[in-house]
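For reference, the chains in residue letters:
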Amino acid sequence: MTAPIPRDIPDLPAIPGAPFLQPSPVPATAVVAPVRRPLAAAFRLATALTAAAGVTLAILLSTPARALAYFSVQANIVLAAVMLLSASRAWRPRRPLPASVTGAALLYVLVAALSYHLLLPHTTPPFSMTDATAPPARWHAQWGTLQLLHTVAPAAALLDWLLLTPAPRLRLRHTATWLLFPLAYLAFYLTRGAVLAASTPARYLYPFLDAGAHGYRGTLANALLIGLAVYGLAALLVALDHTRPTPVRRHL
């Protein structure tokens, strides 16, 4: 026989202290359904088309082999692909791309923009993506190409990050992965210069990475300084991502 159930169950003693809730490992995006964001999709599509237009003009004004060897052209190709996928996901709607991917695209075009505006304006001969020996005239095709690749597309990517991308998503562990592409580009760049004949025009595309003029020792020293600056910029983006306000979601 079983014991009878008592009519009055005594109250359990209260647990001392405030209850401790463990943080959930599941992100909010895993339980909150994504919403359709037509304005964000339109802006990202426009950014992708801007970057693609700059790449296309660079190829048409030069040659594919030469144009595609520039870091800024490769960075804009990455940006165009990432923005096109991001636009598609914002329109459908679907989960956004990983922050490590979108952050890498932003970093690369910012590096291209800062290199162009800080290191290349006063070079002799003037920086050009063709064989021109004079600075490109304003509002001409070559000048427009340089502005699309180094000003308009990077500015659009920065605005997308500031105004349309929730924060904080970037992590410091992403920065080491982001450096793999610049390192691979440096290896490609130096290999390309070593394979081409010394008389080839634009054997080395950037004067501060000209192994023919500075030697490999000086070129690698410059590359190390640039690499440290790139890492510093990557860490700065992560820090800003954790201090900037999250854009208000209004189905943008």
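Since this is a predicted model, take the numbers as computed values, not measurements. (Residues numbered from 1 in each chain as written. Predicted model: local features only at pLDDT ≥ 70, side-chain atom pairs only at ≥ 80, totals over all residues. Heavy atoms only, no water.)

Engineer: Please explain the packing of helix α1 (residues 38-61) against helix α3 (residues 71-91) as it appears in this structure.
Structural biologist: A packed helix pair is summarised by two numbers, namely the angle formed by the two axes and the spacing between the axes. Axis separation between α1 and α3 bottoms out at 8 Å; the angle between their running directions is 155°. Between α1 and α3, the interaxial angle falls into the category roughly antiparallel. As for the relative orientation of α1 and α3, their crossing is left-handed in sense. On α3, the residues touching P38, A40, A41, R44, L45, T47, A48, A51, A52, V55 and A58 of α1 are V73, N76, I77, L79, A80, M83, L84, S86, A87, A90 and W91. (Axes fitted to C-alpha atoms, helices over the stretch in contact; angles between N-to-C directions. Helix = DSSP H or I, 4+ residues; strand = E, 2+ residues; numbered from the N terminus. Parallel < 35°, antiparallel > 145°, perpendicular 65-115°, else oblique. Left-handed = near helix turned anticlockwise from the far one by under 90°. Contact = heavy atoms within 4.5 Å.)

Engineer: Explanation requested: unusual backbone geometry in the structure shown.
Structural biologist: Trans is the prevailing form of peptide bonds, just as negative phi is the prevailing case for residues other than glycine. Of note, the bond from R92 into P93 is cis; its omega dihedral lies within 30 degrees of zero at 5°. Within the secondary structure, P93 sits in the loop between α3 and α4 (99-119). Here the amide bond leading from A167 into P168 is cis, since omega sits at -10°, within 30 degrees of zero. Within the secondary structure layout, P168 lies in the loop between α5 (141-164) and α6 (174-178). In this model, A202 sits at a positive phi of 55°, which is unusual for a non-glycine residue. With relative accessibility at 21%, the residue A202 sits in the partly exposed group. (Buried < 20%, exposed > 50% of the residue type's maximum accessible area, 1.4 Å probe, protein only.)

Engineer: Even after reading the chapter, I still don't get the environment of A234, so can you show me in this structure?
Structural biologist: Position of A234 among the secondary structure elements: in helix α8 (residues 211-241). With 62 residues separating them along the chain, A234 and L172 place their C-alpha atoms 8.4 Å apart. Sequence-distant contacts of A234, defined by excluding residues within four places in its chain, comprise L107, T175 and W178.

Engineer: So what exactly am I meant to see when it comes to a nonpolar patch on the surface here?
Structural biologist: Taken together, L45, L49 and L84 make up a surface patch of nonpolar side chains, about 280 Å² in accessible area. Locating L45 in the fold gives a position in helix α1. Owing to a relative accessible area of 37%, L45 belongs among the partly exposed residues under this scheme. (Patch = residues over 30% accessible without salt bridge, like charges linked within 9 Å, V, L, I, M, F, W, Y side chains within 5 Å. Areas by Shrake-Rupley, 256 points an atom, 1.4 Å probe, with all protein chains shown as cover. Salt bridge = Lys/Arg side-chain N within 4 Å of Asp/Glu carboxyl O.)

Engineer: Could you clarify how one ought to interpret the nonpolar core in this entry?
Structural biologist: When a protein is soluble and globular, its nonpolar side chains tend to lie buried together. Grouped together as the largest cluster of nonpolar side chains are 52 residues, with contacts concentrated most on L107 and Y206. The set of elements that each furnish at least two residues to this core consists of α1, α3, α4, α5, α7 (180-195) and α8. Ranked by residues supplied to this core, first place goes to α4 with eleven residues. With sequence-adjacent residues up to four places away left out, L107 is seen in contact with W178, V230, L233, A234 and L237. (Core = buried A, V, L, I, M, F, W, Y, C linked by side-chain atoms within 4.5 Å.)

Engineer: Even after reading the chapter, I still don't get α8, so can you show me in this structure?
Structural biologist: Because each turn of an α-helix spans 3.6 residues, side chains separated by three or four positions end up pointing in the same direction. With 31 residues, α8 ought to run about 45 Å at 1.5 Å a step, yet its terminal C-alpha atoms sit only 37 Å apart, falling short of that. The largest bend along α8 reaches roughly 75° and is located at R217. For α8, the secondary structure elements touched by its buried residues are α4, α5, α6 and α7. One side-chain oxygen of the residue at the start of α8 lies 3.0 Å from the amide nitrogen of G212, identifying that residue as D210. (Expected span 1.5 Å × (residues − 1). Bend = angle between axes of the 7 residues up to and from the residue. Polar contact = N/O pair within 3.5 Å; in protein donor to acceptor, adjacent residues only side chain to side chain.)

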